[in-house]
Amino acid sequence: MVYLKTEEEIEKIRTASRYAMEILFYLKEFIKEGIRTKDLEKLCEERLKKSKKIKPAFKGYNGYPYTLCVSVNEEVVHGMPSDRVLKEGDIVSLDFGVVYEGYYGDVAYTFAVGKISKEAERLIKVTEEALYKGIEMAREGNRLYDISFAIQSHVEKNGFSVVREFVGHGIGRSLHEEPQIPNFGEKGTGMRLKKGMVFAIEPMVNMGRSEVSIRENGWTAYAKDMSLSAHFEHTVAITDDGPEILSRV
Ligand code: MF3
Ligand code: CO
């Protein structure tokens, strides 16, 4: 069931989403050579405790044990905070969600550790652009896979590939609601988009082939060919005036 949100509900999702993005950018300041990924988890938890009205969305979700997902280099999503030390040239994707008064916000962003290769920079740039191309299609009257198609075309035109095993999703009273929003698809197909729909749109893009494998921890997805992977995510509402990025800060 895809349900439409009222203005009051969207306000709560906006609050959750902004908190999530603010905390992600707070964490960005600590992304430097020498920091361990579990230090980022700790900083995130401490920061969360300062805002009494928000709770982490991921911790305990399907048994996921952490507040933050930290995916480094070839890791696509669901990287677990660990003793891994970041080094110059790495790229690191942070994925983070919170719940506020029963409503969820979900965001992700890929950051560079110090100086990275030109090709890694291009991967990050193209993935973020693909997210905005997808968001641009989130309008009343368009179809769901117009979003998917816009993302896929931009990525493939630039010589990269979209991950197919993980998708964007509706969001609201749950972290994951219908519909699923693949990052590939055919223009002009899928359900009609309506005002009041709220989506977490999240392209995951590999520099090499699109196939992923899962690590022994049962969670962490990585590019099978060990190429770099980037991930960007915003929570977006469809309004009378087109898409509104609720997680914009
Ligand atoms: N942003 C991811 C998603 O939408 C994060 C989920 S992590 C989990 O699916 F731990 F909560 F599963
Ligand atoms: Co998500």
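Residues numbered from 1 in each chain as written. Chains lettered and ligands numbered in written order. Predicted model: local features only at pLDDT ≥ 70, side-chain atom pairs only at ≥ 80, totals over all residues. Heavy atoms only, no water.

Undergrad: I tried to follow the side chain of T235 on my own but got confused; where do I start?
TA: As for its placement among the helices and strands, T235 is situated in strand β14 (residues 234–239). Assessed through its relative accessible area of 0%, T235 is described here as buried. What T235 contacts, discounting residues up to four positions off in sequence, is I13, S17, G105, D106, I171, V198, F199, A200, E244, I245, L246 and S247. (Helix = DSSP H or I, 4+ residues; strand = E, 2+ residues; numbered from the N terminus. Buried < 20%, exposed > 50% of the residue type's maximum accessible area, 1.4 Å probe, protein only. Contact = heavy atoms within 4.5 Å.)

Undergrad: I'm lost on the sheet that holds strand β12 (residues 221–223) in this one. Help?
TA: By way of backbone hydrogen bonds, the strands of a sheet pair with one another, either parallel or antiparallel. Pairing within the open sheet is antiparallel, and its 3 strands lie in the order β3-β12-β11. Since the sheet does not close on itself, it has two edges, and those belong to β3 (75–77) and β11 (212–214), each with one partner. Each strand of the sheet is rotated relative to its neighbour by a mean of 40°, with strand direction disregarded. Sheet analysis places β11 next to β12, joined by 3 bridges and oriented antiparallel. Of the residues in β12, the one forming a bridge with S213 is Y222. (Pairing = 2+ DSSP bridges. Axes fitted to C-alpha atoms, helices over the stretch in contact; angles between N-to-C directions.)

Undergrad: Looking at this structure, I do not really get helix α2 (residues 37–50). What am I missing?
TA: A turn of α-helix holds 3.6 residues, and therefore any two residues three or four places apart point the same way. Taking 1.5 Å per residue as the helical rise, α2 with its 14 residues ought to reach 20 Å, and the 21 Å between its terminal C-alpha atoms agrees with that figure. Here α2 has its buried residues at T37, L40, E41, L43, C44 and L48. Taken down its axis, α2 places every buried residue within 165° of arc, on the same side. In α2, the exposed positions that point more than 90 degrees away from the buried face belong to K42, K49 and K50. Contacts from the buried residues of α2 go to α1 (7–28), β1 (54–56), β2 (68–72) and β4 (91–100). (Expected span 1.5 Å × (residues − 1). Arc of directions from axis to C-beta.)

Undergrad: Sorry if this is basic, but what is going on with the nonpolar core here?
TA: If you look at soluble globular proteins, the nonpolar side chains tend to sit buried side by side. L40, V92, L94, F96, I147, F199 and I201 are the most contacted members of the largest nonpolar core, which has 54 residues in total. Element by element, the count of residues in this core is highest for helix α3 (residues 118–136), at 7 residues. Among the nonpolar cores identified, the runner-up in size contains 16 residues, and I10, I171, L175 and A237 belong to it. (Core = buried A, V, L, I, M, F, W, Y, C linked by side-chain atoms within 4.5 Å.)

Undergrad: What am I meant to see in the pattern of salt bridges here?
TA: Opposite charge on two side chains permits pairing when their charged atoms draw close. Inspection of every chain in the model, using the stated rule, returns 20 salt bridges. Between E177 and K5 there is a salt bridge, with the nearest N and O atoms lying 2.7 Å from each other. With a gap of 172 residues between them, E177 in strand β8 (residues 177–181) and K5 in the segment before α1 connect regions that are remote in the sequence. K5 shares its class with E177; the two are buried. The shortest N-O distance in the salt bridge between E101 and K12 comes to 3.5 Å. Here K12 lies in helix α1 and E101 lies in the loop between β4 and β5 (103–112), a separation of 89 residues in the sequence. One salt-bridge network, in which partners are shared between bridges, spans E7, E11, R14 and E244. (Salt bridge = Lys/Arg side-chain N within 4 Å of Asp/Glu carboxyl O.)

Undergrad: Could you clarify how one ought to interpret the coordination of the cobalt ion (ligand 2) in this entry?
TA: Reference values for angles at a metal are 109.5 degrees in the four-donor tetrahedral case and 90 or 180 degrees in the six-donor octahedral case. Taken together, the protein ligands of the cobalt ion (ligand 2) are D106 (OD), H169 (NE2), E202 (OE) and E233 (OE), with distances of 2.0 to 2.2 Å. Taken in chain order, the donor set of the cobalt ion (ligand 2) reads D-x62-H-x32-E-x30-E. Here D106 is found in strand β5, whereas its partner E233 is found in the loop between β13 (229–231) and β14, with 127 residues between them in sequence. (Donors = N, O, S within 2.8 Å, 3.2 Å for Na, K, Ca; no water.)

Undergrad: How should I be thinking about the environment of H176 in this particular structure?
TA: Position of H176 relative to the elements: it lies in the loop between β7 (168–170) and β8. Each C-alpha atom of the pair H176 and A200 lies 8.7 Å from the other, and the pair is 24 residues apart in sequence. Not counting residues up to four positions away in its chain, the partners in contact with H176 are Y61, H169 and G170. Looking at H176, its side chain comes within polar contact range of the side chain of Y61, at 2.7 Å. (Polar contact = N/O pair within 3.5 Å; in protein donor to acceptor, adjacent residues only side chain to side chain.)

Undergrad: Explain unusual backbone geometry here, please?
TA: Trans is the common state for peptide bonds, and a negative phi is the common state for residues other than glycine. Following E178, the chain continues to P179 via a peptide bond in cis, the omega torsion being 0°. Turning to its location among the elements, P179 is positioned in strand β8. Positioned with a positive phi, N73 is a non-glycine residue whose angle comes to about 55°. Position of N73 among the secondary structure elements: in the loop between β2 and β3. You can call N73 buried: its relative accessible area is 11%. One non-glycine residue, E101, adopts positive backbone phi at about 45°.

Undergrad: What's the story with the sheet that holds strand β10 (residues 204–206) in this structure? I'm lost.
TA: Spatial strand order, β6-β10-β13: 3 strands in an open sheet with antiparallel pairing. The two strands at the open ends of the sheet, each matched to only one other strand, are β6 (161–162) and β13. Where β6 lies against β10, 2 bridges are found, and the strand directions are antiparallel. Paired with S161 across the two strands is N206, which belongs to β10. Each of β10 and β13 is contacted by α3, which is oriented at about 35° to β13, the strand it contacts most.

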